[in-house]
Amino acid sequence: MVKAARRKSLWLGIALLGLSCAEGGPLHLPDTRETTIPADVAQFVSRRNTCDRWRGMQDDPATREMREVRVAQHCAGSDAQLSRLQAKYPANTEVQGILSFYEPIGE
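Residues numbered from 1 in each chain as written. Predicted model: local features only at pLDDT ≥ 70, side-chain atom pairs only at ≥ 80, totals over all residues. Heavy atoms only, no water.

Quick notes on the nonpolar core
No. 1: The biggest cluster of nonpolar side chains holds 11 residues, and these are Ile37, Val41, Phe44, Val45, Leu82, Leu85, Tyr89, Val95, Ile98, Leu99 and Tyr102.
No. 2: Of all elements in the fold, only α2 (39-55), α4 (78-88) and α5 (93-99) reach the threshold of two or more residues within this core. (Core = buried A, V, L, I, M, F, W, Y, C linked by side-chain atoms within 4.5 Å. Buried < 20%, exposed > 50% of the residue type's maximum accessible area, 1.4 Å probe, protein only. Helix = DSSP H or I, 4+ residues; strand = E, 2+ residues; numbered from the N terminus.)

As for the packing of α2 against helix α3 (residues 64-75)
No. 1: Between α2 and α3, whose axes approach to 8 Å, the crossing angle comes to 155°. Relative to α3, α2 is oriented roughly antiparallel. As for the relative orientation of α2 and α3, their crossing is left-handed in sense. Of the residues in α3, those in contact with Arg47, Thr50, Cys51, Trp54 and Arg55 of α2 are Met66, Arg67, Arg70, Val71, Gln73, His74 and Cys75. (Axes fitted to C-alpha atoms, helices over the stretch in contact; angles between N-to-C directions. Parallel < 35°, antiparallel > 145°, perpendicular 65-115°, else oblique. Left-handed = near helix turned anticlockwise from the far one by under 90°. Contact = heavy atoms within 4.5 Å.)

Thoughts on the pattern of salt bridges
No. 1: Applying the stated criterion across every chain, the model contains 4 salt bridges.
No. 2: Between arginine 55 and aspartate 52 there is a salt bridge whose closest N-O contact spans 2.8 Å. On the criterion of helical spacing, the pair formed by arginine 55 and aspartate 52 is a turn pair, its members being 3 residues apart in helix α2.
No. 3: Here aspartate 59 makes a salt bridge to arginine 64, at a shortest N to O gap of 2.9 Å.
No. 4: Aspartate 59 sits in the partly exposed class, given a relative accessible area of 46%.
No. 5: Linked by salt bridges that have partners in common, Arg48, Asp52 and Arg55 make up one network. (Salt bridge = Lys/Arg side-chain N within 4 Å of Asp/Glu carboxyl O.)

Observations regarding the confidence of the model for the protein chain
No. 1: For the protein chain, per-residue confidence averages 78 on the pLDDT scale, and residues scoring 70 or more make up 67% of the total.
No. 2: No element of the protein chain has a lower mean pLDDT than helix α1 (residues 2-19), at 51, and none a higher one than α4, at 96.
No. 3: Every residue in residues 19-26 scores below 50 in pLDDT, and together they form 23 contacts with partners more than four places removed in sequence or on other chains.
No. 4: Ignoring residues within four places in sequence, the model shows residues 28-33, a span with pLDDT below 50, making 8 contacts including any to other chains. (pLDDT = per-residue confidence, 0-100.)

Laid out in structure tokens, this is it:
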């Protein structure tokens, strides 16, 4: 049972990682999933994935200013939001499994 729940959480986490939209757009989850991910968790995943994408870009002098603006826009408050969501859903193993993919970024 625990392995199945962990496998399900892993699948959902991977699905959420792959489905997040650029620039913090809405996250569209497949209709076939068996569980409902809270909207605040889905929004965090979308925003944080965008943050991580901008943080991971090479430091190109031509796009440095835009990159810094986007990192500030999408990463601000990420650590606090991650902590709040972990505390808000302590008994939800699926949410905890999804959130376990993220570490504080030290912002």
